[in-house]
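Understanding the architecture of this molecule
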Amino acid sequence: MRQIRQSKKLHDVRYDVRGPILVEAQRLEAEGHRILRLNIGNTAPFGFEAPEAILADVTRHLAQAQGYSESQGIFSARTAVAQYYQQRGLRETAVDDVFIGNGVSELISMVLQAFVDEGNEILVPAPDYPLWTGAVSLSGGTPVHYLCDETNGWAPDLADVEAKITEHTQAIVIINPNNPTGAVYSKQVVDGLVDIARRHELVVFADEIYEKIIFDDAVHHHAAASAGDDVLCLTFSGLSKAYRVCGYRAGWVMISGPQEIAQDFLEGLTLIANMRMCANVPGQHAIQTALGGYQSIEELIVPGGRLYDQIMLADRLLNQIPGVTNVRPQGALYCFPRLDPEMYPIDDDQAFVIDLLRAKKILVTHGTGFNWPRTDHFRLVTLPDVGQLEDAIGRIADFLATRRS
């Protein structure tokens, strides 16, 4: 019989956060092993619950959420998002500048489908959230990775960004705070990235889903503020992380800058939004309450708060392991430690994390899964409580002791 094969469009698409390492974890779980999953930033399994006001508001609106909404999103949610950015200095933001989606992930795919043509190049950071690279490829474009500098707090290397621009470059992706490194970019870096976009007439795609999860004296700077009225900027954010409702799939994209030069693109984005009918309507009803109510995330990101204490503990414990160095995260939910290649020569980092999984029942993600060009990093989710983290990193340290050269 004829073999049914996957589309050739998928040949350059990877999403290793849920790839072969997860398949192996599921196999081990089926055998009865307990696996600590530190591969994905899913808050609920680690005891992070949504604010009660959000649950109450979604429940209250369930009866009115049975039908499709407007494809761009319900008015109250879009109004809340527009006002959120107005309060942050983007005073020209209007309700019609906002599209609601099933999380940032769906909106990334929708925007790139509407924007990218065959042969277009999109600048994406390395390391990156791998959906950006995969979605660019799936849309027919070519992801071109600019390097972030580990020796400079994982800030983007602006010279490398500039060097990667060609006549085919159409846009630049900025992930700030960064997943997987936890870097929070200074205003100078954000201004520098946007200035490159301005001089080369590029569109800015700003992934800011972790904007509320920042630590110590770090300050988040919206790329849209730097872009002003002369650089088209699409800002992506949502409720999943800061409001602990990953399953609600409630995200948005806000369009700012010279929209008059982008009417054809925005018409295409509206077409794609119409084709998927609408975002999850019950989840949309969480947005107004979340953005307008008490911000409980602020209790979690200061000393004594779970997110702060856990990520700082993970950073400290990782740096105590011989041959392991970790740049202290300024935001997000992850550590991205480096393994000294002289001490831990690793040819295949996916095989390395599968060996760790089998030996210690800890599931992490290999660095090349985030399009980092070398096999010397892995990403660790810092959502478990301090006791679990101490145990998990202890097991990682024991495993690494058996692999030292």
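Everything below is about the structure shown above.
Right, let's walk through the structure included here.

Rules used throughout
Residues numbered from 1 in each chain as written. Predicted model: local features only at pLDDT ≥ 70, side-chain atom pairs only at ≥ 80, totals over all residues. Heavy atoms only, no water. Buried < 20%, exposed > 50% of the residue type's maximum accessible area, 1.4 Å probe, protein only. Helix = DSSP H or I, 4+ residues; strand = E, 2+ residues; numbered from the N terminus. Arc of directions from axis to C-beta. Contact = heavy atoms within 4.5 Å. Salt bridge = Lys/Arg side-chain N within 4 Å of Asp/Glu carboxyl O. Pairing = 2+ DSSP bridges. Phe/Tyr/Trp six-rings, centres within 6.5 Å; stacked < 30°, edge-to-face > 60°. Lys NZ or Arg CZ within 6 Å of the ring centre and 35° of its normal.

Turning our attention to helix H2 (residues 52–60). The set of residues buried in H2 consists of Ile54, Asp57 and Val58. Within H2, the buried residues cover an arc of 95 degrees as seen down the axis, which keeps them to one side. Exposed and oriented more than 90 degrees from the buried face of H2 are Glu52, Thr59 and Arg60. Along its buried surface, H2 packs onto helix H10 (281–292).

Time to look at the pattern of salt bridges. All chains considered together, the criterion is met by 18 salt bridges. Put simply, aspartate 355 and arginine 403 hold a salt bridge, and the shortest N to O gap is 3.4 Å. Pair noted here: aspartate 355 is in helix H13 (residues 349–360) and arginine 403 is in the segment after helix H14 (386–401), with a separation of 48 residues, a long-range link. A relative accessible area of 30% places arginine 403 in the partly exposed class. Through salt bridges with shared partners, one network takes in Glu162, Asp195, Arg198, Arg199 and Asp230.

Working definition: the strands of a sheet are paired by backbone hydrogen bonds and lie parallel or antiparallel to each other. If you walk across this open sheet you meet the eight strands as S2-S9-S8-S7-S6-S3-S4-S5, and the pairing is mixed. Lying at the two open borders of the sheet, with one neighbouring strand each, are strand S2 (98–101) and strand S5 (155–156). One ladder, built from five bridges, connects strand S6 (residues 169–175) with strand S7 (residues 203–207); its direction is parallel. The residue bridging isoleucine 172 from the neighbouring strand is valine 204, located in S7.

Before going further, it helps to spend a moment on helix H5 (residues 130–138). The buried count for H5 comes to eight of nine residues, which makes it a mostly enclosed element. Three or more residues of H5 are buried, namely Pro130, Leu131, Trp132, Thr133, Gly134, Ala135, Val136 and Ser137. Where H5 ends, the next residue or the one after it, glycine 140, has phi of about 100 degrees, a positive value.

A word on the packing of aromatic side chains. Here the structure, examined in full by the defined rule, presents twelve aromatic pairs. Seen from their ring centres, phenylalanine 336 and phenylalanine 370 are 6.1 Å apart, and the 90 degrees between their planes marks the pair as edge-to-face. Here phenylalanine 370 lies in the loop between strand S14 (365–366) and strand S15 (378–381) and phenylalanine 336 lies in the loop between strand S11 (334–335) and strand S12 (338–339), a separation of 34 residues in the sequence. Comparing phenylalanine 336 with phenylalanine 370 shows no difference in burial state: the two are buried. Three or more aromatic residues joined by ring pairs make a cluster, and in this case those are Phe115, Trp132, Phe205, Phe236 and Phe265. The lysine or arginine in question, arginine 379, covers the ring of tyrosine 334, its NZ or CZ lying 4.0 Å from the ring centre.

Of note, serine 296 is situated in the loop between H10 and helix H11 (297–300). Measuring from C-alpha to C-alpha, the distance between serine 296 and isoleucine 209 comes to 16 Å, with 87 residues separating the pair along the chain. With near-sequence residues (within four places) excluded, serine 296 lies in contact with Pro51 and Arg244.

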